[in-house]
Amino acid sequence: QVRLVESGGGLVQAGGFLRLSCAASVPIFSFNDMGWYRQALGKQRELVAAITRDGDTDYAESVKGRFTISRDNAKNTLYLQMNSLKPEDIAVYYCHANSRTGRESWGQGTQVTVSS
């Protein structure tokens, strides 16, 4: 069973930065793609950023130019560098992975709070 464990969330002032990490229990090169989702209170979960096995990336319009997704295959870890954070970025951030067979895995989530 795949385990994804997020870390790096916390409280930061508007304009600040955080880096989220997602450590996988299996080699991440085995996944078709990985991504970060977020869910704000009372809202649906939404895709923030994704990265394929080939390294192609995709971002939500609201975070383009501020967030960067990356991965380190040697460490089996996915990252999300979040700069210029805004109060509207407040949410629980989840790591997600799609296996080659289409099986999805989710982390437990990490809270990001931005004070204005």
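The sections below set out a description of the structure shown in this document. Every chain is numbered independently, its residues counted from 1 as its sequence is written. Side-chain atom pairs in this predicted model are given and counted only at pLDDT of 80 or more, local residue features only at pLDDT of at least 70, and totals for whole chains, interfaces and linings cover all residues. To obtain the side-chain values, all non-hydrogen atoms of the structure were included, while hydrogens and water were left out.

On to the sheet that holds strand S8 (residues 77–82). Overall, antiparallel pairing links the 4 strands, which are arranged S1-S3-S8-S7 in an open sheet. One side of each edge strand has no neighbouring strand; the edge strands of this open sheet are strand S1 (4–7) and strand S7 (67–72). Taking the axes of each pair of neighbouring strands and ignoring which way they run, one obtains an average angle of 15 degrees across the sheet. Sheet topology places S1 next to strand S3 (residues 18–24); 4 bridges connect them, and they run antiparallel. Across the sheet, the residue bridging to Val5 is Ala23, located in S3. At least two bridges found by DSSP between two strands is the condition for calling them paired. Runs of E in the DSSP output that reach at least two residues are strands. Runs of H or I that reach at least four are helices, and both are numbered from the N terminus. Structural elements are reduced to axes, namely lines fitted to C-alpha atoms, with helices fitted over the stretch in contact, and the angle between N-to-C directions of any two is expressed from 0 to 180 degrees.

This part takes up unusual backbone geometry. Of note in this structure, Asn76 is not a glycine but carries a positive phi near 50 degrees. Here Asn76 is to be found in the loop between S7 and S8. Although it is not a glycine, Ser84 adopts a positive phi angle of roughly 50 degrees. Position of Ser84 among the secondary structure elements: in the loop between S8 and strand S9 (91–99).

Turning to the side chain of Ser105, a few remarks are in order. Structurally, the position occupied by Ser105 is in strand S10 (residues 104–106). Contacts are assigned to residue pairs that have any heavy atoms within 4.5 Å of one another. Ignoring sequence-local partners within four residues, the contact set of Ser105 consists of Val2, Leu4, Cys95, His96 and Ala97.

Next up on the list: the nonpolar core. Residues enter a nonpolar core if they are buried and are Ala, Val, Leu, Ile, Met, Phe, Trp, Tyr or Cys, with the set joined through side-chain atoms within 4.5 Å. For every residue, the accessible area (1.4 Å probe, protein chains only) is compared with the maximum for its type, and the residue is labelled buried under 20%, exposed over 50%, or partly exposed between those bounds. Membership of the largest hydrophobic core comes to 28 residues, with the highest contact counts inside it found for Met34, Trp36, Leu80, Met82 and Tyr93. Counting residues per element, the ones that place at least two in this core are S3, strand S4 (31–39), strand S5 (46–52), S7, S8, S9 and strand S11 (110–115).

The subject of this paragraph is the side chain of Asp89. Mapped onto the elements of the fold, Asp89 is located in the loop between S8 and S9. Residue class for Asp89 comes out buried when judged on its relative accessible area of 0%. Non-local contacts of Asp89, meaning those with residues more than four positions away in its chain, are made with Arg38, Arg66, Phe67, Ser84, Val112 and Val114.

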